[in-house]
Structure formats: C-alpha cells, structure tokens
Amino acid sequence: MYDKIQYISQGNSITEQLTNIKQVLDAGCTWLQLRYKNGTQAEMSELAIATKSLTENYNCTFIINDYPELVVAIGADGVHLGLADMPIEKARAIVGDDKIIGGTANTLEDVLQRHREQCDYVGLGPFRFTQTKEKLSPVLGLSGYKSIMTQLQEGDINIPVFAIGGIQQEDIQPILDTGIYGVALSGYITQHENKKQLLYQLYTLCSH
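As a starting point, this report considers the structure included with it.

What counts and how
- Residues numbered from 1 in each chain as written.
- Predicted model: local features only at pLDDT ≥ 70, side-chain atom pairs only at ≥ 80, totals over all residues.
- Heavy atoms only, no water.
- Axes fitted to C-alpha atoms, helices over the stretch in contact; angles between N-to-C directions.
- Helix = DSSP H or I, 4+ residues; strand = E, 2+ residues; numbered from the N terminus.
- Parallel < 35°, antiparallel > 145°, perpendicular 65-115°, else oblique.
- Left-handed = near helix turned anticlockwise from the far one by under 90°.
- Contact = heavy atoms within 4.5 Å.
- Nonpolar A, V, L, I, M, F, W, Y, C, P; charged D, E, K, R; others polar.
- Salt bridge = Lys/Arg side-chain N within 4 Å of Asp/Glu carboxyl O.
- Buried < 20%, exposed > 50% of the residue type's maximum accessible area, 1.4 Å probe, protein only.

1. Observations concerning the packing of helix α7 (residues 169–176) against helix α9 (residues 195–206)
No. 1: Relative orientation of the contacting elements α7 and α9 amounts to 15°, with a least axis distance of 10 Å. When the axes of α7 and α9 are compared, the pair comes out roughly parallel. Here α7 runs over α9; the crossing is right-handed. Every residue of α9 that contacts α7 at Gln169, Ile172, Gln173 and Leu176 is listed here: Leu198, Gln201, Leu202, Leu205 and Cys206.
No. 2: For the contact of α7 with α9, the class distribution of residues is 6 nonpolar, 3 polar and no charged.

Structure, rendered in structure tokens:
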C-alpha cells in the first residue's frame, strides 16, 4: 500500500525547492509531492526534471501536483489534483492506469466524489489553519475527521485518506485513531532542524 507520511515540497524558487527536497530525501523521505504554485509551467517543468533525477538516487515515490502531462513526460509516479484542477477522468486518460492519482477533498461529499472518480487516495483537510495555502477551506479538526471517517466506514467506502493542513507530530496519533490512513506534511518537515530524527519518529509512529 502507500507510505503513511507524505512530504509536500516547499520553496519560493527552484533553488529553494531543490534544497528542501534534497534535505528531506537525505533524511529518509519515501513519498514526495512536488508542489510549486507560484512558478510558471516552464519553471515547474525544469523543477520536476531536476527533482526526478534527485529521486532516482532514493527509494521515493514521486508525485507531481497539477501537471499530468509532466508526469508522463518525465516518468514520475503520479499526479495530485485539486478540486478545481483537471477532472480525474481526463487525467487518468493522460497518465494511464499504472500511475497514482491523488485528489484533494475538504468535505465528506468531496471524498465520495473522489471515490466515484476512482482516485487512488484522497488528501483531506485542512486539519487546522496553515500558512502553506492561500485559499483555505473550513478547518476540519479531529471531530471533522472522525465524522467523515465514521460515515465512510458505515458506507463501506475504502479509499486511503491522508490528513493535511498544519499537522504537528503530537497530532498524528489522534488523527490516525479516527481511521485516517496517513498524513501529509509540508512546513513542519521543511522547517525542522533535525529532519532525519523527525522522519524516523514519524515513520515509527505510523507503523504501529
């Protein structure tokens, strides 16, 4: 199945992105989502190619945010799409059946939609306020996750759901206890002084 810790890349320039990505890969990251919202398509392409060559030296799943054509062009492992991005069906036609497609969700209805669209996993959030995203959806919190996961279980709907949005280490166990599959982290890993120790602790926590 999928890794339970996803790292979503950060950085305001290609150089900053690659520096952060290299540090996180060196620290033992095994699932990377490349997210570069303020770059042009050409810059995203340049960054993705550079990231792909980096990930080839590590045992790391490489997902690209927003650009299914780029996934095919450089041989990444999959694509992650927001609710306002390209329809999943269209993305699937581009990347094929062997690539991973993840989709963002903010509500139970969104998760059900993603399940119908045959997404491979869902990123559900935000857990709490986060500065990583400019347009933030209503915060879910633990009670929001608990409610959604209970309803999915009652409806016998199985899809890996990842919590996202301002998550800290102490939040992870209570989040997993709701039935959530894993967590996606960005700033918390990027800004941590000892990424290797942090990732070791996170993977240990999620392996129980």
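2. Quick word on the packing of helix α1 (residues 14–26) against helix α2 (residues 41–55)
In helix packing, the relevant descriptors are the interaxial angle and the interaxial distance, both defined with respect to the helix axes.
No. 1: In contact at an axis separation of 11 Å, α1 and α2 are set at 20° when each is read in the N-to-C sense. With respect to each other, α1 and α2 are oriented roughly parallel. As for the relative orientation of α1 and α2, their crossing is right-handed in sense. Here α1 contributes Ile14, Gln17, Leu18, Ile21, Lys22 and Leu25 to the contact with α2, which in turn contributes Glu43, Glu46, Leu47, Ala50, Thr51, Leu54 and Thr55.
No. 2: Here the residues of the contact of α1 with α2 are counted per class, giving 7 nonpolar, 3 polar and 3 charged.

3. Quick notes on the pattern of salt bridges
No. 1: Counted according to the given criterion, the structure contains 6 salt bridges.
No. 2: A salt bridge links Glu56 to Lys52; the shortest N-O distance between them is 2.9 Å.
No. 3: Residue Glu56 is classed as exposed on the basis of its relative accessible area of 55%.
No. 4: Between Arg128 and Asp171 there is a salt bridge whose closest N-O contact spans 2.6 Å. Highlighted residues: Arg128 in the loop between β6 (121–124) and α6 (141–154) and Asp171 in helix α7, separated in sequence by 43 residues.
No. 5: Accessibility expressed as a relative area gives 9% for Asp171, which makes it buried.

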